[in-house]
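Breakdown of the fold
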2 protein chains.
Amino acid sequence: MTTGTPENPAEQLPPDSETPLPSVGFIGLGNMGLPMAANLKAAGVAVTGYDLMPAAMAAAAARGIPTAESAQQAAAEADIVLTMLPSGKHVISAYQGDGAAEGLLDAARPGAIFLDCSTINILEAQQAADLARAAGFRAADAPVSGGVVGAEAGTLAFMVGAEEEVFTAVRPILEIMGARVVHCGGSGLGQAAKICNNMILAVSMIAVSEAFVLAEKLGLSHQAMFDVVSKASGQCWALTTNCPVPGPVPSSPANREYQPGFAGALMAKDLGLATNALEETGVQAQLGRMAAEMYRGFAEGEGAGQDFSAIIEQIRTASGTQPSSQEG
Amino acid sequence: MTTGTPENPAEQLPPDSETPLPSVGFIGLGNMGLPMAANLKAAGVAVTGYDLMPAAMAAAAARGIPTAESAQQAAAEADIVLTMLPSGKHVISAYQGDGAAEGLLDAARPGAIFLDCSTINILEAQQAADLARAAGFRAADAPVSGGVVGAEAGTLAFMVGAEEEVFTAVRPILEIMGARVVHCGGSGLGQAAKICNNMILAVSMIAVSEAFVLAEKLGLSHQAMFDVVSKASGQCWALTTNCPVPGPVPSSPANREYQPGFAGALMAKDLGLATNALEETGVQAQLGRMAAEMYRGFAEGEGAGQDFSAIIEQIRTASGTQPSSQEG
């Protein structure tokens, strides 16, 4: 929650609120979408949800989120048509419909904003926004980081690609679901910022893991390496918040057998999007590409469901070494 | 300077000081060694310096540092024989002498501590310490980070490999020259901690640079990328302190045409040491090795004298792109 948003705006509107919060049609009530929609509901937003999966619909109903019988019906009366879907293909298909079925663009009411919070290809995000604008709507991409924990707590970070006026219009809704909302530029640039961040994150996690494995082989303790690097020029979030060895950072997934956290499958997905962007732009990012390859291999095995910091085990295996006995 | 060390201990000894500061024979008065020796002198340490280069000897005399006519003479009366030399070969040669000339091990007085602050191969650091111990002396490796600026300001970080008792004995001297002194373990582990840190630093600087070049190609502004990543999981020192593009971090070398800072040649040297350690241990650090290759190529060109963050220009060149017009 952000400053100025009371715990229960249904009972007490924010003092600086001149207009009521926009209503939201929420398409995609999965692990992320469901708690995001629940936070909107709790904040007094008129939200109507829809998901293709009956289990997700039941979970939404159990949390008191009104649901519709179709995506189109969820969108029909909404000021904001919010999508939280697995891929760009899903988003564009939901917007356009597929063959017989109508799409969200056919169902939304005039003046609606299409707000896509999915993490998808930049070009697809721009294409989705173009489709919405061609149909007379406004559009924004606003991918998130922070995971399921952040979605439940309302502490997500949103990276928004939209015109200034559209950003201003969607911001109050995003601030209910997140703690940090950054306007990155025009359509697609929310996606761009997210993949830039996650490419750096992947590379730095592998670098930290390589250094820990080297330290183990050299007889340098995890704690000594952490004590030096965490206060020196090698400091990075991958070390000081998501430390890939147990001990130095008690809250890191390494202390709970790499339960995510941020799952390897999701990192591999994001790095696939980064690789697409590198290919489309011709940028020679050798470390980014190598990290993408490593996480693709990681996610094809048991890494898919582990925290991405478990990549250190792959580096140990490749190095023919065992976890240091100082662990655990 | 650390807490408890007065501005001028020659006039006022630290209140918690039970014994006088040990005397130091300081071998190697280069860009780093000279200001380090000057800080010892200013703190009231009896320091005697020596360097093979006449210009360095003249510079030392100009700063009021007593000099000797040989390394052996500088070491003869010292409690601590401190070396600050370019490579492990130099350190071992200085310890042992070469052919006709005697070495420091022949000249030092009983009970002396051999304190090597050079950044050298781990195996050579261990070999140097073994030589000192075999000759009846105590030994420590204590490579530094913080560069010439840190050496002048007395804000270096020392990573110390030594037995506990030796660490305790050299600590007061190191605390005069540095702001942070970390005991990393036994002989060689100071070197180990430094190369682990610098391997992470090199990889994260390249990752940040790759992400900025991608951002440029995608139309995402430097400031927007910085605003997102600096507060997100991609945060790292390479971005938030040594940002490779001008603007977001005014103190970073990118704002002064990549004047170092930390020169490419020094990063390439440290990564050479890291590569040696990877080969000796069999650790498969793919990103670390690729970063070492990139910095080796960088330092063979004009990167040698530029800050290591100028690697971003190499990535732009490889990507066939120009610095974004938002710079400068």
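The structure displayed is predicted, hence computed values, not measured ones.

**Some details on the overall build of chain A**
Each helix and strand counted, chain A has 14 helices and eight strands in total. Considered along the principal axes of its C-alpha atoms, chain A spans approximately 65 × 45 × 35 Å. Among the 328 residues that make up chain A, the fraction classed as buried is 58%. Contacts spanning at least 24 positions in sequence make up 65% of the contacts within chain A whose residues lie at least 6 apart. Of the roughly 12600 Å² of accessible surface on chain A, 52% is carried by carbon and sulfur atoms. Of the side-chain charges in chain A, 16 are positive and 33 negative, and the distance between the mean point of each set is 4 Å.

**What about the interface of chain A and chain B?**
With 56 residues of chain A at the interface, the matching set in chain B holds 56 residues. When the buried area of chain A at its contact with chain B is split by residue, Ile200(A), Ser233(A) and Leu287(A) rank highest and sum to 14% of it. Where chain A packs against chain B, one counts 17 residue pairs in polar contact (both at pLDDT 80 or more). Mapped onto the side of chain A that touches chain B, the elements with two or more residues apiece are strand E8 (178–185), helix H9 (189–218), helix H10 (222–229), helix H12 (264–281), helix H13 (286–300) and helix H14 (311–318) of chain A. Per-class residue counts for the side of chain A that touches chain B are 39 nonpolar, twelve polar and five charged.

**Notes on helix H8 (residues 164–177) of chain B**
Residues and elements named next belong to chain B. Look at H8: 20 Å from first C-alpha to last across 14 residues, which is about the 20 Å you get at 1.5 Å a residue. Remark: the principal bend of H8, roughly 45°, maps to Arg171, with a proline, Pro172, within the next four residues. Listing the buried residues of H8 in full gives Val166, Phe167, Val170, Ile173, Leu174, Ile176 and Met177.

**Some remarks on the pairing of strand E2 (residues 47–50) of chain B**
Residue and element names in this part refer to chain B. Note that strand E1 (residues 24–27) and E2 share four bridges and pair parallel. In the strand pairing of E2, Ile27 is matched with Tyr50. In this region the chain leaves E1, passes through helix H1 (residues 33–42) and returns to the parallel neighbour E2; the handedness of that crossover is right-handed.

**A short note on unusual backbone geometry**
Excluding glycine, residues mostly carry a negative phi; peptide bonds, for their part, are mostly trans. Residue Gly261(A) is bonded to the preceding Pro260(A) through a cis peptide linkage, with omega at 15°. Mapped onto the elements of the fold, Gly261(A) is located in the loop between helix H11 (237–240) and H12. Of note, Glu257(B) is a non-glycine position whose phi angle comes to about 55°, a positive value. Its location among the elements puts Glu257(B) in the loop between helix H11 (237–240) and helix H12 (264–281).

**Topic: the packing of aromatic side chains**
All names here are of chain A. In total, this model carries ten aromatic pairs over all chains according to the counting rule given. With a centroid separation of 5.0 Å and an interplanar angle of 50°, the aromatic rings of Phe114 and Phe137 are classed as tilted. Taken together, the residues span a long stretch of sequence, with Phe114 in strand E4 (residues 113–116) and Phe137 in the loop between helix H6 (122–134) and strand E5 (138–141) at a distance of 23 residues. Grouping residues by exposure puts Phe114 and Phe137 together as buried.

**Some thoughts on H6(A)**
Residues and elements named next belong to chain A. Compared with an ideal rise of 1.5 Å per residue, which puts 13 residues at 18 Å, H6 spans 18 Å between its outermost C-alpha atoms and is within 8% of the ideal. Listed as buried for H6 are Ile122, Ala125, Ala128, Ala129 and Ala132. Along the long axis of H6, the arc covered by the buried residues comes to 125°, so they all point the same way. Trailing H6 by a residue or two, Gly136 shows a phi angle of about 95°, which is positive.

**Points about the relation of the copies chain A and chain B**
Between chain A and chain B, which share one sequence, the superposing operator has a rotation angle of 180° and an axial displacement of 0.0 Å; the RMSD is 0.0 Å. Here the transformation between the copies is reduced to the relation of a two-fold axis. No C-alpha of chain A lies nearer the rotation axis than that of Cys236(A), which sits 2.0 Å from it.

**A few points about the packing of H13(A) against H14(A)**
Each pair of packed helices can be described by the angle between their axes along with the distance between the axes. All names here are of chain A. Taken N-terminus to C-terminus, the directions of H13 and H14 make an angle of 95°; their axes are 10 Å apart at the nearest point. In terms of their interaxial angle, H13 and H14 are classed as roughly perpendicular. Across from Met294, Tyr295, Gly297 and Phe298 in H13, the residues of H14 making contact are Ile311, Gln314 and Ile315. Per-class residue counts for the contact of H13 with H14 are five nonpolar, two polar and no charged.

**Observations concerning the packing of helix H9 (residues 189–218) of chain B against helix H13 (residues 286–300) of chain B**
Residue and element names in this part refer to chain B. Contact geometry for H9 and H13: axes closest at 9 Å, N-to-C directions at 75°. Relative to H13, the element H9 is oriented roughly perpendicular. Note on element contacts: H13 touches H9 through Leu287, Gly288, Ala291, Met294 and Tyr295, opposite Met199, Ala202, Val203, Met205 and Ile206. The class makeup of the residues in the contact of H9 with H13 is nine nonpolar, one polar and no charged.

**Remarks on the pairing of E5(A)**
Residue and element names in this part refer to chain A. Sheet analysis places E4 next to E5, joined by four bridges and oriented parallel. Residue pairing across strands places Asp116 opposite Asp141, the latter belonging to E5. Read from E4 through H6 to E5, the crossover connection turns out right-handed.

**Comments concerning the confidence of the model for chain A**
Per-residue pLDDT for chain A has a mean of 93; in total, 93% of the residues score no lower than 70. pLDDT under 50 marks residues 1–13 of chain A. Its contacts with residues more than four places away, or in other chains, come to 19 contacts.

**Brief notes about the side chain of Ser233(B)**
Tracing the backbone through its elements, the reader meets Ser233(B) in the loop between helix H10 (222–229) and H11. Within polar-contact distance, the side chain of Ser233(B) engages the side chain of Asn197(A) at 3.0 Å. Look past the residues within four positions of Ser233(B) in its chain and what remains in contact with it is Asn197(A), Asn198(A), Leu201(A) and Trp237(A).

**Thoughts on the state of the cysteines**
What the rule picks out here adds up to zero disulfides over all chains. Not part of a disulfide, Cys196(A) finds its nearest cysteine sulfur in Cys184(A), a span of 9.6 Å. Judged by relative accessible area, Cys196(A) falls into the buried class, the value being 0%. You can see Cys236(A) has no disulfide; the closest cysteine sulfur is in Cys236(B), sitting 6.5 Å from it. Judged by its relative accessible area of 0%, Cys236(A) is buried.

**Structural notes on the pattern of salt bridges**
The final tally for this structure, using the stated rule, is 18 salt bridges over all chains. Among the ionic contacts, a cluster of salt bridges with common partners joins Glu77(A), Asp79(A) and Arg109(A).

**Brief notes about the side chain of Asn197(A)**
By the secondary structure assignment, Asn197(A) is in helix H9. Taking the relative accessible area as the measure of exposure, Asn197(A) reaches 2% and is therefore buried. The residues contacting Asn197(A), other than those within four sequence positions of it, are Val229(B), Ala232(B), Ser233(B) and Gly234(B).

**Quick notes on the environment of Ser87(B)**
All names here are of chain B. Structurally, Ser87 can be placed in the loop between strand E3 (80–83) and helix H4 (88–96). Residues Ser87 and Glu124, spaced 37 residues apart in sequence, show a C-alpha to C-alpha distance of 9.1 Å. Among the polar contacts made by the side chain of Ser87, one reaches the side chain of His90 at a distance of 2.6 Å.

Definitions and limits used
- As a convention, each chain's residues are numbered from 1 in the sequence order in which they are written.
- Think of it this way: whatever chain is written first is A, whatever ligand is written first is 1, and the rest follow in order.
- Local features in a predicted model are, by the rule used here, given only for residues with pLDDT of at least 70; side-chain atom pairs are given and counted only at 80 or more, and totals for whole chains, interfaces and linings are based on all residues.
- Working from all heavy atoms in the structure, the side-chain values ignore hydrogens and water.
- Helix numbering and strand numbering both begin at the N terminus, where a helix is a DSSP run of H or I of at least 4 residues and a strand a DSSP run of E of at least 2.
- Throughout this description, buried means an accessible area under 20% of the type-specific maximum (1.4 Å probe, protein chains only), exposed means over 50%, and partly exposed covers the range between.
- The contact definition used throughout considers only heavy atoms, calling two residues in contact when any of these lie within 4.5 Å.
- Calculation of accessible area relied on Shrake-Rupley with a 1.4 Å probe; when residues are assessed, cover is drawn exclusively from the protein chains displayed.
- Under the counting rule used here, the positive set is Lys and Arg, the negative set is Asp and Glu, and His together with the chain ends is not counted.
- A single reference atom marks each charge: NZ on Lys, CZ on Arg, CG on Asp, CD on Glu.
- By definition, the buried area sums, over both parts, the 1.4 Å-probe accessible area that each loses when the two are put together.
- Whenever two N or O atoms come within 3.5 Å, that pair is a polar contact, provided that in protein one can donate a hydrogen and the other can accept it, and provided that, for residues adjacent in sequence, both atoms are side-chain atoms.
- All amino acids are sorted into three groups, where Ala, Val, Leu, Ile, Met, Phe, Trp, Tyr, Cys and Pro are nonpolar, Asp, Glu, Lys and Arg are charged, and the leftover types, Gly among them, are polar.
- Under the convention used throughout, the expected extent of a helix is 1.5 Å for every residue step, that is, one less than its residue count.
- Bend at a given residue is defined as the angle between two axes, one fitted to the seven residues that end at that position and one fitted to the seven that begin there.
- Think of it this way: DSSP has to see at least two bridges between two strands before they count as a pair.
- Here a crossover is taken to be right-handed if, once the strands point away from the viewer, the path from the first strand over the helix to the second is traced clockwise.
- Ring pairs are drawn from Phe, Tyr and Trp, using the six-membered ring of Trp, whenever the two centres fall within 6.5 Å, and their geometry is named by plane angle: stacked under 30 degrees, edge-to-face over 60, tilted for the rest.
- Arc definition: directions from the helix axis to the C-beta atoms.
- In superposing the copies, a least-squares fit is computed on C-alpha atoms, taking residues whose pLDDT is at least 70 in both.
- What counts as an axis is a line fitted to C-alpha atoms, over the stretch in contact for a helix, and the angles between N-to-C directions run from 0 to 180 degrees.
- Just so you know how the angles are binned, under 35 degrees is roughly parallel, over 145 roughly antiparallel, 65 to 115 roughly perpendicular, and the rest oblique.
- For every residue, the pLDDT score states the predictor's confidence, bounded by 0 at the bottom and 100 at the top.
- The disulfide criterion is simple: two cysteine sulfur atoms within 2.5 Å.
- Between Lys or Arg on one side and Asp or Glu on the other, a salt bridge is scored when a side-chain nitrogen of the former is within 4 Å of a carboxyl oxygen of the latter.

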